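Fold and contact review
Each chain, letter by letter, is given below.
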Amino acid sequence: NAGVMQNPRHLVRRRGQEARLRCSPMKGHSHVYWYRQLPEEGLKFMVYLQKENIIDESGMPKERFSAEFPKEGPSILRIQQVVRGDSAAYFCASSPDREQNTEAFFGQGTRLTVV
Amino acid sequence: QKEVEQDPGPLSVPEGAIVSLNCTYSNSAFQYFMWYRQYSRKGPELLMYTYSSGNKEDGRFTAQVDKSSKYISLFIRDSQPSDSATYLCAMSALAGGFKTIFGAGTRLFVKA
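Described below are features of the structure shown in this document. None of these values were measured; they are calculated from a predicted model. All residue numbers refer to position in the chain's written sequence, counted from 1. In the order they appear in the text, chains get letters beginning with A and ligands get numbers beginning with 1. Local features in a predicted model are, by the rule used here, given only for residues with pLDDT of at least 70; side-chain atom pairs are given and counted only at 80 or more, and totals for whole chains, interfaces and linings are based on all residues. Computation of side-chain values: all heavy atoms of the structure, hydrogens and water removed.

Here, two residues are considered to be in contact whenever any of their heavy atoms come within 4.5 Å of each other. Listed by partner, the interface residues are 24 residues for chain A and 21 residues for chain B. Accessible surface is computed with a 1.4 Å probe, and the buried area is the amount of it that two parts give up when combined, taken over both parts together. Summed over both partners, the interface of chain A with chain B buries about 1,900 Å², with 57% contributed by carbon and sulfur atoms. By convention in these notes, a salt bridge is any Lys or Arg side-chain nitrogen within 4 Å of a carboxyl oxygen on Asp or Glu. Taken together, the links from chain A to chain B amount to 0 salt bridges. Polar contact is defined as a pair of N or O atoms within 3.5 Å, subject to the rule that within protein one atom must be able to donate a hydrogen and the other to accept it, and that residues adjacent in sequence are counted only when both atoms are side-chain atoms. Applying the counting criterion to the chain A and chain B interface returns 3 residue pairs in polar contact (both at pLDDT 80 or more).

The following block contains the structure:
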């Protein structure tokens, strides 16, 4: 039973390029959450998705950031025209059902470095 | 004021010591309280998950929640060098990972 899978583990982008981060939730999980972690800081909620729906994106920057969770395939966090301030670790978590009072499980993260 | 306050440490203890990690919070709507362990350059790993007030024990780990004081604790008994990691408290008004608010994490070093 594979855990939450994120790829790539490390991503280097030049300023102005696009970054695509992928997350495959645990088997049987239909809820996906994206978090960002800056050095020496806790994780900050970005967006909550279910299949084909964005439930809450209140933590997403208003520009350049978008997320999707298509019917087939992994969830994608997309950052357009990256800037140095986007350098961080991005974590994805998944849970089976919010109403069942279950916890979320995290992937290993994608470390984005913008040069 | 942050919603969740956690002393970043570092906290250094000898092997075998009892470790106490704490967080305070301001949002009385929080009902779900978690402790995660995060090793360097790894994802957070859920250690303890508690609903509402009370104590919960799992092996060497005990989680305590005092909602009246808005204070949560994680105790580690007989600490081991392998416990050296960053410990993140987290809490949410809703189940699952939806809008879970994390503390900044406390770095723990257990010396052999």
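What follows picks up the thread again.
On to the pattern of salt bridges. The final tally for this structure, using the stated rule, is 6 salt bridges over all chains. For B:E45, the salt bridge goes to B:R37, with nearest N and O atoms at 3.1 Å. What you see here is one network of salt bridges that share partners, running through A:E18, A:R20 and A:R78.

Our focus in this paragraph is the pairing of strand β4 (residues 31-37) of chain A. Residues and elements named next belong to chain A. Exposed residues in this analysis have more than 50% of their type's maximum accessible area, buried residues have under 20%, and partly exposed residues fall in between, with area computed by a 1.4 Å probe over protein chains only. Comment: elements are numbered from the N terminus, with helices defined as DSSP H or I runs of at least four residues and strands as E runs of at least two. Most of β4 is tucked away, with 6 of its 7 residues classed as buried. As judged from the 7 bridges shared by β4 and strand β5 (residues 43-50), these two strands associate in the antiparallel manner. The residue bridging R36 from the neighbouring strand is K44, located in β5. Hairpin connection of β4 to β5: 5 residues between the antiparallel strands, including E40 at a positive phi of 65 degrees. In this analysis, strands are considered paired if DSSP registers two or more bridges between them. Sheet topology places β4 next to strand β9 (residues 88-95); 7 bridges connect them, and they run antiparallel. Across the sheet, Y35 pairs through a bridge with F91, a residue of β9.

A word on the environment of A:Q81. Residue and element names in this part refer to chain A. Its place among the elements puts Q81 in the loop between β8 (75-79) and β9. Here Q81 falls in the exposed class, since its relative accessible area comes to 54%. As for Q81 and P8, which are separated by 73 residues in sequence, their C-alpha atoms are 18 Å apart. Among all residues touching Q81, those that are not within four sequence positions of it are G16, Q17, E18 and R64.

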